[in-house]
Amino acid sequence: QVVTESLKGTNTSMYYGEHSSSLDDKGRFNVPKAFRTLMDTFKHRDWYMTRGFDRCVALYPHETWQSIVSQANHYSIMDARAIDFRRLFFGSVAE
């Protein structure tokens with residue numbers, strides 16, 4: 001089951017659900033149909049995919065991604081934990 005929830009006070013949505021996926025022979029990731037249906041319903045055309053936690057893949061619509069980037073930019077470039085987060089989270093992003 002896949003559900004969506006609007007984040008209070010924002011124009012962004014969050015998707016919840018779990019699916020097993022694999023890469024095809026060309027190394028492409030196939031987004032499960034349940035997620036694609038919601039993406040179309042909410043007109044989320046631009047997506048950012050990055051390494052999640054616990055060997056997961058995380059997908060974010062454009063508006064949510066911009067909010068994450070904005071929040072991450074509030075932390076000092078000298079903060080070791082913020083550097084580790086940025087390296088993990090932003091280092092593997094694909095649009």
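This is a predicted model, so every value here is computed, not measured.

A.B. asks: Teacher, can you tell me more about helix 3 (residues 80-90) here?
C.D. replies: The α-helix winds at 3.6 residues per turn, so residues separated by three or four positions along the chain end up facing the same way. Taken together, the buried positions of helix 3 are Ala82, Arg86 and Phe89. Each buried residue of helix 3 sits inside an arc of 85 degrees when the element is viewed along its axis, so together they form one side. Exposed side chains of helix 3 directed beyond 90 degrees from the buried face belong to Ala80, Arg81 and Arg87. Along its buried surface, helix 3 packs onto strand 3 (47-51), strand 4 (57-61) and helix 2 (62-72). Where helix 3 begins, one side-chain oxygen reaches toward the backbone nitrogen of Arg81, 2.9 Å away; that side chain belongs to Asp79.

A.B. asks: How do you make sense of the environment of Met39 when you look at a structure like this?
C.D. replies: Topologically, Met39 is positioned in helix 1 (residues 33-41). In sequence terms Met39 and Pro61 are 22 residues apart; their C-alpha atoms lie 8.5 Å from each other.

A.B. asks: Is there a simple way to think about the pairing of strand 3 in this case?
C.D. replies: Each regular strand shows side chains that alternate between the opposite faces of the sheet. Note that strand 3 and strand 4 share five bridges and pair antiparallel. The residue bridging Thr50 from the neighbouring strand is Ala58, located in strand 4. Taking the residues that link successive antiparallel strands as the turn, the strand 3-strand 4 hairpin has five residues, and the phi of Asp54 there is positive, at about 60 degrees.

A.B. asks: Would you mind showing me how to read the nonpolar core here?
C.D. replies: Note that soluble globular proteins tend to have their nonpolar side chains buried in a common cluster. Core analysis: the biggest nonpolar cluster contains six residues, these being Tyr48, Ala58, Tyr60, Trp65, Ile68 and Phe89. Secondary-structure elements contributing two or more residues to this core are strand 4 and helix 2. Residues contacting Phe89, with those up to four places away along its chain left out, are Thr50, Arg51, Tyr60, Trp65 and Ile68.

A.B. asks: Is there a simple way to think about the pattern of salt bridges in this case?
C.D. replies: Side chains carrying opposite charge are able to pair once their charged atoms draw close together. On inspection of all chains with the given rule, the structure shows two salt bridges. Across the pair Asp84 and Arg87 runs a salt bridge, and its minimum N-O distance is 3.6 Å. Of this pair, Asp84 and Arg87 both sit in helix 3, three residues apart, which is roughly one turn of that helix. When its relative accessible area of 45% is taken as the criterion, Asp84 is described as partly exposed.

Calculation rules
Sequence positions are assigned chain by chain, starting from 1 and proceeding in written order. Reporting of local features is limited, given that this is a predicted model, to residues whose pLDDT is at least 70; pairs of side-chain atoms are given and counted only at 80 or more, and all residues count toward the totals for whole chains, interfaces and linings. Hydrogens and water are ignored here; the side-chain numbers use all heavy atoms of the structure. Remark: exposure states derive from per-residue accessible area (1.4 Å probe, protein chains only) relative to the maximum for the residue type, with buried under 20%, exposed over 50%, and partly exposed in between. Strands here are runs of E lasting at least two residues and helices are runs of H or I lasting at least four, both read from the DSSP assignment and numbered beginning at the N terminus. Relevant arc is that of directions from the helix axis to the C-beta atoms, nothing else. The criterion used for residue contact is that any of the two residues' heavy atoms lie within 4.5 Å. N or O atoms within 3.5 Å of each other form a polar contact, as long as, within protein, one can give a hydrogen and the other can take it, and as long as residues adjacent in sequence are counted only when both atoms are side-chain atoms. Strand pairing is defined by DSSP finding a minimum of two bridges between the two strands. Only buried residues count toward a nonpolar core, which is a set of Ala, Val, Leu, Ile, Met, Phe, Trp, Tyr and Cys residues joined through side-chain atoms within 4.5 Å. Think of a salt bridge as a Lys or Arg side-chain nitrogen and an Asp or Glu carboxyl oxygen that are within 4 Å of each other.

On their own, these measurements won't tell you what the molecule is for.
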